[in-house]
Amino acid sequence: MNFKSRRVCCFFLFIALMLVQSFITISVFLQRVTTAKRRELFAKSPITTVAVSSLAQEIESDKVQTISNTEEVVNSASLDEEGRNIANKTLANDTGMLKVILNNSAFELFEHIDHSYRNYSSSSNRSNREVNLDQISAEEIVVSVHVIAFSRPKSLRTLLLQLGEADYRAKSASSVDLYIRIDGGGPQEVVDVADEFEWEFGQKHVMHSTVASGLRGMWTSIRPQNEKEVMIIFEDDLRVSPFYFAWTMHLLRAYGGNGPKIRDPSLLGFSLSPLKMDEISYPFVDWYVLKNTKKNVHLYLHSVPSSWGSVFFADRWNEFLKFYSKRMEPQFYNTSDESRRKSGVAVPLGDPNLLIPNSRTNVWPGSWKRVLVEFCYGRVMYTMYTHIPGRVGFASPLQLTGAHSTAAKIPSDSDERFPSREMLKNHRVVRALNDQNVMNQLLRRKRVKVEYMVLFDLWGRPTTKLRLAVEANMFLNRILTTDQTKYKGLVGLWSRDRSAVSTWIDSENQRYLIYQPQFGFSNQQIAFKNAAYWATCLNRTLVVPPIFVPRVSEAKILSAADLVYFDEIFRFDHLLVSYCSGILRTESLTTFSRRGIHPVLIYDVHPNMTGDELSDVFFNDIIPWSSIPRRKFKLDMCSESMSARKLQRFFGHIKDSVLAFNGMYKCSMIDSRSKSEAFRLALFRPSPLFLSIRREVFGALRALGLLGFQMETECLCVQLRLGDFESVCNLNTPWLSKKRKTGYACLPSAASVSAAVARWQGPCVAVMTNDEARASAMLHQTNKTLILPSAVRAAILSLGLDRGLGSPSGQHLLTILLEQLLCERSAWAVLNYYSTFGETVSLLRKGGSKSSVWW
């Protein structure tokens, strides 16, 4: 670039800088002029205060809306014509914020808030975790306040006074109506207090029942006026913060809009009181959100709904009332049980098939909240709670003596405005927030999207929405399986997306995956894990196959009654499969057979395998599908791990009702080893039936004197795979060659086995072997107490099990499972690296933080 060109560039750069400086100067000048005109308007007006908007609208949307009563300001006779014109122009400016406060100090406060908002607004766009809200006009939010009262005139008067003293400047253009609901049978003084109280923020409605309904009847009598209403409900022993309404409006504008982009469909409402106790577990324990999460949160979600200062959306409340009406029918809930519970006998109340597992709510008598907890559990609903430092809240119960509280030193009625020291000893009682600075700090906190908030289950454990959905669907499906005719209507109201009833109502739209098991039991477990991956990724229901022992090719099935299925021994239905971001759906072979459907083809996904892979005992003898044609792929599809994309490319387009494969043992998915192992452990959790059998077998072994040891410290487990392995270990296959490079022995010598056991200092050795005679010969000189498979089988025979698990194949299967358990619990284990059985035991021990070694 020559000298002349450089001069031209510098000239244009200078002109550009001058223009920018001029623009900044003009902007500053115009802002000062606008401010001066506003101050002049405020100074001219004799009115002290016309309307003050709440700090809750400090962070409302990208354009801060004016919520003050503009009509009153603009049309006020106290403003001259010039003042009205300026006010109209300012109110029409979408980028401005007019607070009609007629003194200079208040105006300066607004300027400070406006500046703070703009700083927050410019920085908030930097984080993708903050809410990108559509604008919600104040007129769209209709709020009503409901107070439930009975026999506490002093406490009711104090509560009403606090409600009247609260800050309602953030209210919508519509009024805030107050409903005072008085139960029948109380003193006349309560009615007098309600009648005498003056409510200046809307209409007051006093509803006095002529009959005693109790808390359950009073709560469920609340009916919203329309689907867009938001109800704030207090009982008469609560105390409230003056900021409760401002904070409610703040949350509603952020998370309570009626549009689908704003409101989370699982959000039941908000709680104005903090959660301080785990009331679902027994006994009650103190609960604190910061002890259960590493995040410094000010808002979090919890599956336990609130009944102390509750904010409910009308549409969700109406859904609950429909469910409540059905749930309380005599066939599902017998109120006579409540009298027994009140007499001191803690018995589960209502239909036992509808009880939430391990929930204290099952024994709550006369409780409406118990039904709301059930509703939230089955429908996957949660409540948004606010965490304030110091464990204070916007509302708190005093826990006065009443229907559900009987503290000795707490009166049944009190006019105290704040909880006493004695009241604060109760875990449920907190102080109400009265500090304006703390309120301002809360309002300045960044808004976080609901999906990024910490979520807790009923028992206060961190969880995810998907995991809650898995538990809910398992729970509701279990109810339907018990009696479809009886429970279908109830579950239809219980389940929001009807996913739990789809198996029964929309069964014709279901698609299935079924496969032919192969090899021994451990190999069949691996095949089942692979099939679970495939079924979930392809959005199909997995048909649970039977278990063949000792191997598929050697299984002797005398009749269908001798079969034992995976879902009898393990529980895995509706398990979360994170790899495919889906939920495992399973169906028993008996139910599937009744549908009368079959595959068009049976796919051979790895045709190069031989041996047991050619066994078709399941598809030929158990299911009569021998005539169904087979299709062989040219490539060995399962020679290496399958990706979800590849799986979809090959089989995602197939719309057949049944997708059948001749084997799944080698069809693993590409997933990290740790995740795959964790999924396998979760997939094969013992069923209640197997747990009961296990307890009885171990009891029998103790009676024989074989389990008089501490397995975790005194027993060694050794796996001696003999018999068939003598021929397998002599083969020259790529798989064996790869294993041999590790240096581990395929067939340990008798000398090495004896030496390993002799070095063990403990008195007990659990032996896993398929040739008990030879194994005993190797170990007879060790002077240890041997727990052999024959002893386990004898203990199983002593139980006298019926057919299935009581058949020879069932007893063999139980022996294998109990051998695995003994080895899992042992202090140390020496396993065979070439055996999938040894691999399974090593995985089980790893899940229990125990190590293993290989021969």
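Residues numbered from 1 in each chain as written. Predicted model: local features only at pLDDT ≥ 70, side-chain atom pairs only at ≥ 80, totals over all residues. Heavy atoms only, no water.

For the rest of this paragraph, the subject is the overall build of the protein chain. Of the regular secondary structure elements, the protein chain holds 30 helices and 31 strands. By the burial criterion, 52% of the 855 residues in the protein chain qualify as buried. Taking contacts inside the protein chain between residues at least 6 apart in sequence as the whole, the part at least 24 apart equals 78%. Carbon and sulfur atoms provide 52% of the accessible area of the protein chain, an area that totals close to 39,800 Å². (Helix = DSSP H or I, 4+ residues; strand = E, 2+ residues; numbered from the N terminus. Buried < 20%, exposed > 50% of the residue type's maximum accessible area, 1.4 Å probe, protein only. Contact = heavy atoms within 4.5 Å. Areas by Shrake-Rupley, 256 points an atom, 1.4 Å probe, with all protein chains shown as cover.)

Let us now look at the confidence of the model for the protein chain. Looking at the protein chain as a whole, its pLDDT mean stands at 75, while 75% of the residues score no less than 70. Predicted confidence is poor over residues 37-139, with pLDDT under 50, and the contacts of this stretch with residues over four places away or in other chains come to 153 contacts. (pLDDT = per-residue confidence, 0-100.)

Turning our eyes to something else, we now look at the packing of helix H9 (residues 314-327) against helix H14 (residues 484-494). For the pair H9 and H14, interaxial distance at closest approach is 9 Å and the crossing angle is 160°. In terms of their interaxial angle, H9 and H14 are classed as roughly antiparallel. Judged by the sense of rotation from one axis to the other, the crossing of H9 with H14 is left-handed. Side by side, H9 and H14 meet where Lys322, Phe323, Lys326 and Arg327 of the first sit next to Gly489, Leu490, Leu493 and Trp494 of the second. The residue inventory of the contact of H9 with H14, partitioned by class, reads four nonpolar, one polar and three charged. (Axes fitted to C-alpha atoms, helices over the stretch in contact; angles between N-to-C directions. Parallel < 35°, antiparallel > 145°, perpendicular 65-115°, else oblique. Left-handed = near helix turned anticlockwise from the far one by under 90°. Nonpolar A, V, L, I, M, F, W, Y, C, P; charged D, E, K, R; others polar.)

Burial within strand S4 (residues 229-235) is extensive, with seven of its seven residues counted as buried. Side chains of S4 alternate between two faces, with Glu229, Met231, Ile233 and Glu235 and Val230, Ile232 and Phe234 buried alike. In this sheet, strand S10 (residues 310-313) lies alongside S4 in antiparallel orientation, the contact comprising four bridges. Looking at S10, one finds that Ile233 is bridged to Ser310. (Pairing = 2+ DSSP bridges.)

Okay, the state of the cysteines next. What the rule picks out here adds up to two disulfides. Here Cys715 pairs with Cys764 through a disulfide, and the sulfurs are 2.1 Å apart. Between Cys715 and Cys764, the S-S torsion sits near 100°, and that sign places the bridge as right-handed. Placement of the pair is Cys715 in strand S27 (residues 715-720) and Cys764 in strand S28 (residues 764-769), with a sequence separation of 49 residues. In this structure Cys715 comes out as buried when scored by relative accessible area, which is 0%. With relative accessibility at 0%, the residue Cys764 sits in the buried group. At a sulfur-sulfur separation of 1.8 Å, the disulfide partner of Cys717 is Cys823. Torsion about the S-S bond of the Cys717 and Cys823 cystine: about -95°, corresponding to left-handed handedness. Taken together, the residues span a long stretch of sequence, with Cys717 in strand S27 and Cys823 in helix H29 (residues 808-825) at a distance of 106 residues. (Disulfide = S-S within 2.5 Å.)

Our focus in this paragraph is unusual backbone geometry. The backbone of Phe519 shows a phi angle near 65°, a positive value even though the residue is not glycine. Of the residues examined, Phe519 reaches a relative accessible area of 13% and is grouped as buried. Its identity is not glycine, yet Asn539 carries a phi of approximately 60°, on the positive side. With respect to the element layout, Asn539 can be found in the loop between helix H16 (521-537) and strand S16 (541-544).

So, on to the side chain of Gln525. By secondary structure assignment, the location of Gln525 is in helix H16. For Gln525, a relative accessible area of 3% gives the class buried. Beyond its immediate sequence surroundings of up to four residues, Gln525 is in contact with Phe566, Phe570, Arg680, Phe684, Gln820 and Thr840.

Moving on: the nonpolar core. Within soluble globular proteins, side chains that are nonpolar tend to cluster in buried spots. Counting residues in each nonpolar core, the largest one holds 87 residues, and the members touching the most others are Ile514, Trp534, Phe651 and Phe661. Looking at this core, the element that brings in the most residues is H16, giving nine residues. Residues Val145, Ile180, Tyr382 and Met453 belong to the second largest nonpolar core, which totals 62 residues. (Core = buried A, V, L, I, M, F, W, Y, C linked by side-chain atoms within 4.5 Å.)

This part covers the side chain of Gln820. Its place among the elements puts Gln820 in helix H29. Residues within four places of Gln820 in sequence aside, it is in contact with Phe521, Ser522, Gln525, Met768, Phe837, Thr840, Val841 and Leu844.

We now examine the pairing of S16. Neither face of S16 is left uncovered, since the one carrying Thr541 and Val543 and the one carrying Leu542 and Val544 both have all their residues buried. Strand direction decides the pairing type here: strand S15 (residues 512-515) and S16, joined by two bridges, are parallel. Each residue of the ladder has a partner; that of Tyr512, found in S16, is Thr541. After leaving S15, the chain enters H16 and then returns to the sheet as S16, a path that is right-handed. (Right-handed = clockwise from strand over helix to strand, strands pointing away.)

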